[in-house]
Amino acid sequence: MIELHDLTKRHGRTLAVDRLSFRVPQGVVTGFLGPNGAGKSTTMRMILDLDRPTGGRVTIDGRRYGQLSEPLKYIGALLEAKAVHPGRTARDHLLWLAQSNRIPERRVDEALALVGLTPVARKRARGFSLGMGQRLGIASALLGDPEIVMFDEPVNGLDPEGILWIRNLMKRLAAEGRTVFVSSHLMSEMAVTADHLVVIGRGRLLADLPMPEFIKRNSRSAVRMRTPQPERLLDVLAVAGLRHEPGPDGSYEVVGGDLAALGDLAAAHGVVLHELSPQQASLEEAFMQMTADSVEYHAGDGPGRDAAGAPGTWAAGRQQHSNAQPAAAARQEEN
Amino acid sequence: MASFPAILRSEWTKIRSVRSTIWTLALTFVVTVGLGALLSLLTNNNFTEFRRNVQTPFDATSTAFAGIRLGELAIIVFGVLAIGNEYSSGLIRVTLAAVPQRGTLLTGKAVVLGALALVVSVVTAFITFFTGQALLGSHSTTLGEPHVLRAVFGAALYLTMLCLFSAGVTAMLRNQTLALGVLVPFFFLLSPILSVVPKVKTLAHYFPDYAGSRMLLVFEEQGQPYGPWAGFAICLAWTLAALVGGALVLKSRDA
């Protein structure tokens, strides 16, 4: 299991990773989500002891990465797609990696077969496409048959077929009982692969919760109603005990409301409706809203600073939905 | 802890699986032997003309090794590329993820690199010597003459140490283009020029290449600052300093 405790990385005056603490649960796919520059890659490099933390610590099965003997047998990582010598063949690339950790040579051919690179095993990496380079990187991550695999933005720049292949691979690895930790800046990608979600923004933890829980909290459905008689509508809604929020263009949104029941309600009280429509906020919107808030906390340096972190705060943050937009607009004007 | 023999095997696979290894080492051999042979042949054919007004004894060994100042550039490039290519491709992060013990890793790299460079250098030195002597005809010398065998081995050690020195400098600079840009002009232009400039040469005589090249001398030169073994020690000190510096940088910096 990967555990982070107050992990911090400072580059000069900027905090790339800010007191990050979470655990990557075993045997599932954990999505590590955040906008570009949120600190995902820096965190992953610190897990592998490539970058040294300014503060805090990170352990793998209770030990620091540098204390692992033959680490490729515990944790396999793909950080960059084409981190290979262009003049070396795919097979030789995997061979030296295997030898460094005393992994039997037959694993080299198994890993090549697993990612479908057997036909180009003896070709130099110079001629590889991005997708092939990505497959070779994944082969090196899987070489030691590790319990934990870690991929940094594995679908970046891939064609649809490559994306599908990586999704299925990650699900298969988790089904085999392995721990999969994968970063992405795309919520849509995580929605279809991840079982658990860790969201960071500006190096800080924003959410750490199972995917179904995230969906439950964030897939907001609402019914939008627009009327030339807003006062009557609001009275009717108040009498019926339905909570509502202001929507765009003078409309109202009833969160969790039933479309037909609201239509009947309006008709029964003779309220004229110009619009009655279902609204579904996507997870992508929820994610963008969440990370926009994190940007806000930092830009404003206000009292909300410490609110980020615990999973519960997101639910509270969502209530501020309508407030967040004017704040974002104001920030743009400042720029 | 990672097993050291495993690191050696792994680094050997790395070094033998790229073409630049073959090219740079082959070039070291061809240039050193070839230029030495050419100079030996020319010297033999024009001996009286070349030696007119020269008082010092004729050094058949250094004539055969006339090409080493160019040949050394190829083995310097070999040393730079062997370390530096990991930085240009991002491979260094893959390597350090596999072997997080950075000091042990660089030691393993230096052992493999040094062993290969030494083998190639010894072969190059002896073939250069014998080819040169064959072409010098009646002016040639033999390994049995005083200091000649030491000079031939000295040439091999000289090439090996310059290769390792360059590898250490590259590990410090963490960039092969920069390392080549510093080392090649230094060894090809700066050091040879400075070593003949009055006053400055006192300093330049302690540069690694000048010091190392003292090992190749069979006859004592007039006003030479120190002998061949002191030269060996100075060159070795530079080499070890560069490697230790490289290890310190590798250990302290984020990859």
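Values in this document were obtained by computation on a predicted structure and should not be read as measured data.

Participant: Help me out: how do you make sense of the domain arrangement of chain A in this one?
Facilitator: How big an interface is tends to be reported as the loss of accessible area on association of its parts. Domains assigned within chain A are domain 1 (2–210) and domain 2 (221–280). On a C-alpha basis, the centroid separation for the pair domain 1 of chain A and domain 2 of chain A is 48 Å.

Participant: Would you explain empty space enclosed by the protein in this entry?
Facilitator: Take a probe with the size of a water molecule and roll it over the atoms, and the empty space left behind shows itself. Within the structure shown, the criterion is met by 6 cavities of 30 Å³ or more. Roughly 200 Å³ of volume is contained in the largest cavity. Breaking the lining of the largest cavity down by element, the ones donating at least two residues are strand E5 (75–78), helix H2 (90–100) and helix H4 (130–142) of chain A together with helix H6 (91–98) of chain B. No other element matches the 4 residues that H4(A) contributes to the lining of the largest cavity.

Participant: Hey, could you run me through the pattern of salt bridges in this one?
Facilitator: Opposite charge on two side chains allows them to pair when their charged atoms are near. Residue and element names in this part refer to chain A. Across all of its chains, the model carries 27 salt bridges over all chains by this definition. Residues Asp-49 and Arg-52 are paired through a salt bridge, measuring 3.6 Å at the closest nitrogen-oxygen approach. On the basis of relative accessibility, which here comes to 11%, the residue Asp-49 falls in the buried class. We note a salt bridge from Arg-217 to Glu-213, for which the minimum N-O separation is 3.1 Å.

Participant: Looking at this model, I keep getting lost on the environment of Val218(B). Mind explaining?
Facilitator: Inspection of the secondary structure puts Val218(B) in the loop between helix H11 (208–213) and helix H12 (228–252). Along the chain, Val218(B) and Gln176(B) lie 42 residues apart, while their C-alpha atoms are 36 Å from each other.

Participant: Would you take a moment to explain the sheet that holds strand E10 (residues 221–226) of chain A for this structure?
Facilitator: In sheet architecture, strand pairing relies on hydrogen bonds along the backbone and comes in two forms, parallel and antiparallel. Residues and elements named next belong to chain A. Reading across from one edge, E11-E12-E10-E13 is the order of the 4 strands in this open sheet, with antiparallel pairing throughout. Of all the strands in the sheet, just strand E11 (245–246) and strand E13 (275–280) have a single pairing partner and so form its edges. In the sheet, E10 pairs with E13 via 6 bridges, with the strands oriented antiparallel. Paired with Arg-224 across the strands is Ser-277, a residue of E13. Relative to the sheet, helix H8 (residues 230–240) contacts E10 and strand E12 (252–255), its axis offset from that of E12 by approximately 15°.

Scoring rules and cut-offs
- Residues numbered from 1 in each chain as written.
- Chains lettered and ligands numbered in written order.
- Predicted model: local features only at pLDDT ≥ 70, side-chain atom pairs only at ≥ 80, totals over all residues.
- Heavy atoms only, no water.
- Domains from an automatic or database assignment.
- 1 Å grid on protein atoms, 1.4 Å probe; cavity = no way out; pocket = protein on both sides within 12 Å on 5 of 7 lines; lining within 4 Å.
- Points joined across faces, edges and corners; volume = space filled by probe spheres on them.
- Helix = DSSP H or I, 4+ residues; strand = E, 2+ residues; numbered from the N terminus.
- Salt bridge = Lys/Arg side-chain N within 4 Å of Asp/Glu carboxyl O.
- Buried < 20%, exposed > 50% of the residue type's maximum accessible area, 1.4 Å probe, protein only.
- Pairing = 2+ DSSP bridges.
- Contact = heavy atoms within 4.5 Å.
- Axes fitted to C-alpha atoms, helices over the stretch in contact; angles between N-to-C directions.

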